[in-house]
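# Summary of structural features
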Amino acid sequence: DSGVTQTPKHLITATGQRVTLRCSPRSGDLSVYWYQQSLDQGLQFLIQYYNGEERAKGNILERFSAQQFPDLHSELNLSSLELGDSALYFCASSVDSIQETQYFGPGTRLLVL
Amino acid sequence: ELKVEQNPLFLSMQEGKNYTIYCNYSTTSDRLYWYRQDPGKSLESLFVLLSNGAVKQEGRLMASLDTKARLSTLHITAAVHDLSATYFCAVAPHLNTGTASKLTFGTGTRLQVTL
């Protein structure tokens, strides 16, 4: 158990819908990262927040957005969902933005039908 | 754009044998990470390599980093069935690029250790 929690574990929804994935970092970690893992794209970095501010952006679609709240938990919002958005979404956390390692949560498996 | 290549993509090996997984990356970096993922599970951190020539060992796994060759290796010694998993390397850009925390992952190496 890495100490990073994610909810929900599984999510099934329909195309065009909007969902919110939630992540709580390890105690003391200020940075939160979001990754998408799919069979065709592999593991891709989406976005990073550090102490409430966006720090780095990766291959994140405009339909996706994220934020980190004052209590350091983070949410990833996915809207206008498409079939291709079906994937495993991981949250990771680390102590600071120039980290030694990122600790990954259990993931949220999203299925868009 | 940083690219990370791993090979092989799939490795079937017998218990007791040794083998090496290779991770090549395309641009300057001084930080490389190895992760393990069991089917349907999350990623578990194995090693963090922070400098040229760094070598770390844990049990039957040993990782090394050659920043000049832009190459990391994960060596498996006397494989056992419990090591069956997918192994990923991930590379962080150089600290002076402004995107220092963005990890780029390799494609993963699926390791299957047979009895």
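Notes on the structure in this doc start here.

Under the criterion given, the structure shown has two disulfides over all chains. Between Cys23 of chain A and Cys91 of chain A runs a disulfide, and the two sulfur atoms are separated by 1.8 Å. With the S-S dihedral at roughly -50°, the linkage between Cys23 of chain A and Cys91 of chain A falls on the left-handed side. Highlighted residues: Cys23 of chain A in strand 3 (residues 19–24) and Cys91 of chain A in strand 9 (residues 87–94), separated in sequence by 68 residues. The same class applies to Cys23 of chain A and to Cys91 of chain A, which are both buried. What pairs with Cys23 of chain B in a disulfide is Cys89 of chain B, and their sulfur atoms sit 2.1 Å apart. Disulfide Cys23 of chain B-Cys89 of chain B: torsion about the S-S bond near 80°, hence right-handed. Taken as a pair, Cys23 of chain B in strand 3 (residues 19–25) and Cys89 of chain B in strand 9 (residues 85–92) lie far apart in primary sequence, 66 residues in all. Each member of the pair, Cys23 of chain B as well as Cys89 of chain B, is classed as buried.

One recurring pattern in soluble globular proteins is that nonpolar side chains are buried together. Leu32, Trp34, Leu74, Ile76, Tyr87 and Leu111 of chain B are the most contacted members of the largest nonpolar core, which totals 25 residues. Those elements that place two or more of their residues in this core are strand 2 (10–14), strand 3, strand 4 (31–37), strand 5 (43–49), strand 7 (61–66), strand 8 (71–76), strand 9 and strand 11 (109–114) of chain B. One finds Leu21, Cys23, Ile60 and Cys91 of chain A within the second-largest nonpolar core, a separate group that totals 21 residues.

As a further point, take the interface of chain B and chain A. Listed per partner, the contact involves 18 residues of chain B and 20 residues of chain A. Summed over both partners, the interface of chain B with chain A buries about 1,500 Å², with 57% contributed by carbon and sulfur atoms. The largest share of the area that chain B buries against chain A comes from Ser101, Lys102 and Phe105 of chain B, three residues that together contribute 31% of it. There are zero salt bridges connecting chain B and chain A. The interface formed by chain B and chain A holds four residue pairs in polar contact (both at pLDDT 80 or more) in total. Residue assignment for the side of chain B that touches chain A shows that the elements contributing at least two residues are strand 4 and strand 5 of chain B. Counting residues per element, the side of chain B that touches chain A draws most heavily on strand 4 of chain B, at four residues.

Rules used in this analysis
- Residues numbered from 1 in each chain as written.
- Chains lettered and ligands numbered in written order.
- Predicted model: local features only at pLDDT ≥ 70, side-chain atom pairs only at ≥ 80, totals over all residues.
- Heavy atoms only, no water.
- Disulfide = S-S within 2.5 Å.
- Helix = DSSP H or I, 4+ residues; strand = E, 2+ residues; numbered from the N terminus.
- Buried < 20%, exposed > 50% of the residue type's maximum accessible area, 1.4 Å probe, protein only.
- Core = buried A, V, L, I, M, F, W, Y, C linked by side-chain atoms within 4.5 Å.
- Contact = heavy atoms within 4.5 Å.
- Buried area = accessible area lost by both parts, 1.4 Å probe.
- Salt bridge = Lys/Arg side-chain N within 4 Å of Asp/Glu carboxyl O.
- Polar contact = N/O pair within 3.5 Å; in protein donor to acceptor, adjacent residues only side chain to side chain.

Any functional reading would require information beyond the geometric quantities listed.
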